[in-house]
Amino acid sequence: MKKIIYYEDELTDEFSTAKINPKRIDESYQYEGGKLWKVGRLFWYHILAKPIAWVYLKLSFGHKIINKGILKDARKEGYFLFGNHTNPLPDALIPTMLNFTGSVFVIVHPNNVSMPVGGRITPSLGAIPLPDTKEAFKNFMKTLEHRIAQKAVIMIYPEAHIWPYYTKIRPFVSDSFHYPILFHAPVYCFTNTYQKRRFRKKPRIVTYVDGPFFPNTDLPRKEQKQDLRDRVYEKMVERSKENTVEYIHYEKR
């Protein structure tokens, strides 16, 4: 029988099984490290994580990317990447597959840097935790600006919460679309879809890439943010129609 998950609120319900006590991200948190951090980044991200991620996604999910070529020119500048949040580990790996030769950083919940062991590694893998204080927010914004200037990719999951194998796009707020407007960076999006495989029960992940999207500068700043969000959302909804199998069924209470 197909697994059924009951939900109440598409904006706030969380179905990740991880139970972590997040640490407080204040002004003492080092968003950007020194030479030691750079060595860790080279080893954990570029040497170890990238090839392992490629092999894992291929073997476990038969991962395939559609329309990846549009990101070729995007690598000449920094950009923001938005995607649907439907699988804990693949969601951490797929952004790197889209920009395999470059650097990807992911805006994450503090949970992702709070694990006793893994929390020491995830910053080297590109985790940028959301701040808890005003001073930490200043450091957070400086880091985003610096990474974009370095022509890196900033990954954002606007749905915020993980719904494993969900085949639709949940409504999300426009807040995170403030960043590309502020830093004058283009926006791309990807939509992970689940497609039936002939000899395996677990579905294949097929990722569709779209963009670039630019803010409409004829609009006031607040309306630019909403307009940019709406165009990305509509494209992701359109791509979600490529899902061909429902591995887990979600039903509202």
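About the criteria used
Residues numbered from 1 in each chain as written. Predicted model: local features only at pLDDT ≥ 70, side-chain atom pairs only at ≥ 80, totals over all residues. Heavy atoms only, no water. Helix = DSSP H or I, 4+ residues; strand = E, 2+ residues; numbered from the N terminus. Rg over C-alpha atoms; globule rule 2.2 N^0.38 Å. Buried < 20%, exposed > 50% of the residue type's maximum accessible area, 1.4 Å probe, protein only. Contact = heavy atoms within 4.5 Å. Lys, Arg positive; Asp, Glu negative; His and termini not counted. Charge placed at Lys NZ, Arg CZ, Asp CG, Glu CD. Salt bridge = Lys/Arg side-chain N within 4 Å of Asp/Glu carboxyl O. Core = buried A, V, L, I, M, F, W, Y, C linked by side-chain atoms within 4.5 Å. Patch = residues over 30% accessible without salt bridge, like charges linked within 9 Å, V, L, I, M, F, W, Y side chains within 5 Å. Areas by Shrake-Rupley, 256 points an atom, 1.4 Å probe, with all protein chains shown as cover. Pairing = 2+ DSSP bridges. Axes fitted to C-alpha atoms, helices over the stretch in contact; angles between N-to-C directions.

Colleague: Give a detailed account of the overall build of the protein, specifying residues and quantitative values.
Modeller: Looking only at helices and strands, the protein features six helices and nine strands. For the protein, the C-alpha radius of gyration of 18 Å lies close to 18 Å, the compact-globule estimate for 253 residues. With the principal axes as the frame, the protein shows a C-alpha extent of 50 × 45 × 40 Å. Expressed as a percentage of the 253 residues in the protein, the buried residues total 48%. For the protein, long-range pairs separated by at least 24 residues make up 78% of all intrachain contacts whose partners lie at least 6 apart in sequence. Averaging the coordinates of the 40 positive side-chain charges in the protein and doing the same for the 26 negative ones gives two points 9 Å apart.

Colleague: Now, about the pattern of salt bridges: what can you tell me, with residues and values included?
Modeller: Following the criterion strictly, the structure yields 10 salt bridges and no others. With its nearest N and O atoms 3.2 Å apart, the salt bridge here joins K2 to E246. Of this pair, K2 sits in the segment before β1 (3–7) while E246 sits in the loop between α6 (221–240) and β9 (248–252), and the two are 244 residues apart along the sequence. Taking the shortest distance from any N to any O, the salt bridge between R170 and E159 comes out at 3.1 Å. Taken together, the positions of R170 in the loop between β6 (153–156) and α5 (178–182) and E159 in the loop between β6 and α5 put the pair 11 residues apart, joining distant regions of the chain. E159 shares its class with R170; the two are buried.

Colleague: How would you explain the nonpolar core if you had to name every residue and give the values?
Modeller: The biggest cluster of nonpolar side chains holds 62 residues, and the ones touching the most others in it are F80, L144, I154 and Y179. Setting aside anything within four residues of it in sequence, one finds L144 in contact with I107, I128, I154, Y179 and F183.

Colleague: How would you sum up a nonpolar patch on the surface? Please name residues and give values.
Modeller: Taken together, the side chains of L42, F43, W44, I47, L48, I52 and L125 define a hydrophobic patch exposed on the protein surface, amounting to about 610 Å² of accessible area. For the nonpolar patch, the element with the highest residue contribution is helix α1 (residues 35–61), accounting for six residues. By secondary structure assignment, the location of L42 is in helix α1.

Colleague: I'd love a proper account of the sheet that holds β6, names of residues and values included.
Modeller: If you trace the seven strands from one edge of the open sheet to the other, you get β2-β8-β7-β3-β6-β4-β5, paired in mixed fashion. Looking at strand neighbours, the two that pair on one side only are β2 (64–66) and β5 (127–129), the edges of this open sheet. Across the sheet, the mean angle from the axis of one strand to that of its neighbour is 25 degrees, orientation sign disregarded. When strand β4 (residues 104–108) meets β5, the two strands line up parallel, connected through three bridges. Residue pairing across strands places V108 opposite P129, the latter belonging to β5.

Colleague: Tell me about helix α3 (residues 118–125), and please be specific about residues and values.
Modeller: What α3 keeps buried is the set G119, T122, P123 and S124. The first or second residue beyond α3 is G126, which carries a positive phi of 115 degrees.

Colleague: Tell me about the side chain of R147, and name the residues and values.
Modeller: Mapped onto the secondary structure, R147 falls in helix α4 (residues 134–149). Residue classification places R147 among the buried positions, given a relative accessible area of 4%. Look past the residues within four positions of R147 in its chain and what remains in contact with it is Y31, E32, W37, F105, A152 and I154.

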